[in-house]
Amino acid sequence: MHLRDPATGAVWRTFTTDHHGTHTLAFSADGTLLAAVGNDGTVSLWNIDTGTVRHTFRHNSAPSIQAVAFRADGETLATGDELGTVCLWNPTTGVLRGVLTGHEGPVGALAFSGPWLATAGEDATLRIWDPDARTVHTIMRTDSPLRCCSWSLDGRTLFAGGRRGLFGFDHHPSSNSS
């Protein structure tokens, strides 16, 4: 894999990987780490400045990882697999911190906004989790599998997309709290 200078197109850094088909990449919010996941069920974390691997670890027992996302505070890396499992990692140590289950099929996209983690799946559900408590905050169902999700900049709206188009959901966490 190559990182290129956007102004010149010149290769800035090369990352060597043993991944057999990288599905997706994610940068940490501070720009110091790059996570890559793919068909071989492993996660690789690289130090951007040095190009060296910080950690390589295995995600659950799934043969393929579909999605990866960093929480903005840098404390959590989430990965989603083809079996419907989301793993929560400490990106500093590479230690597994928790597992979220509930999707009935591949988790194709992940997105953090503040304390919330959104997961979008082939089971046509969009879930908002409290990853620290390992609980589902809410579930939205659509009429088709979902392939992507992203929060608005203010964190109030969650968008998800799939074959049937784009869906937008307002998120009001205080109205669901006990």
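Everything here concerns the structure above.
Here Ala-124, not a glycine, exhibits a phi torsion of approximately 65 degrees, which is positive. With respect to the helices and strands, Ala-124 occurs in the loop between strand E12 (116–121) and strand E13 (125–130). Residue Ala-124 is classed as buried on the basis of its relative accessible area, which comes to 12%. Phi is positive for Arg-134, which is not a glycine, with a value near 60 degrees. Following the sequence through the fold, Arg-134 ends up in the loop between E13 and strand E14 (135–141). Given the relative accessible area of 31%, Arg-134 is considered partly exposed.

Take the sheet that holds E12 next. With antiparallel pairing, four strands are arranged side by side in an open sheet as E11-E12-E13-E14. At either margin of the open sheet sits one strand with a lone partner, and together these are strand E11 (107–113) and E14. Neighbour-to-neighbour, the strand axes of this sheet turn through a mean angle of 20 degrees, independent of strand direction. By the bridge criterion, four bridges tie E12 to E13 in an arrangement that is antiparallel. Residue pairing for E13: Ala-118 is matched across the bridge by Ile-128.

Each value, and the rule that gives it
- Residues numbered from 1 in each chain as written.
- Predicted model: local features only at pLDDT ≥ 70, side-chain atom pairs only at ≥ 80, totals over all residues.
- Heavy atoms only, no water.
- Helix = DSSP H or I, 4+ residues; strand = E, 2+ residues; numbered from the N terminus.
- Buried < 20%, exposed > 50% of the residue type's maximum accessible area, 1.4 Å probe, protein only.
- Pairing = 2+ DSSP bridges.
- Axes fitted to C-alpha atoms, helices over the stretch in contact; angles between N-to-C directions.

In short, geometric facts, not functional conclusions.
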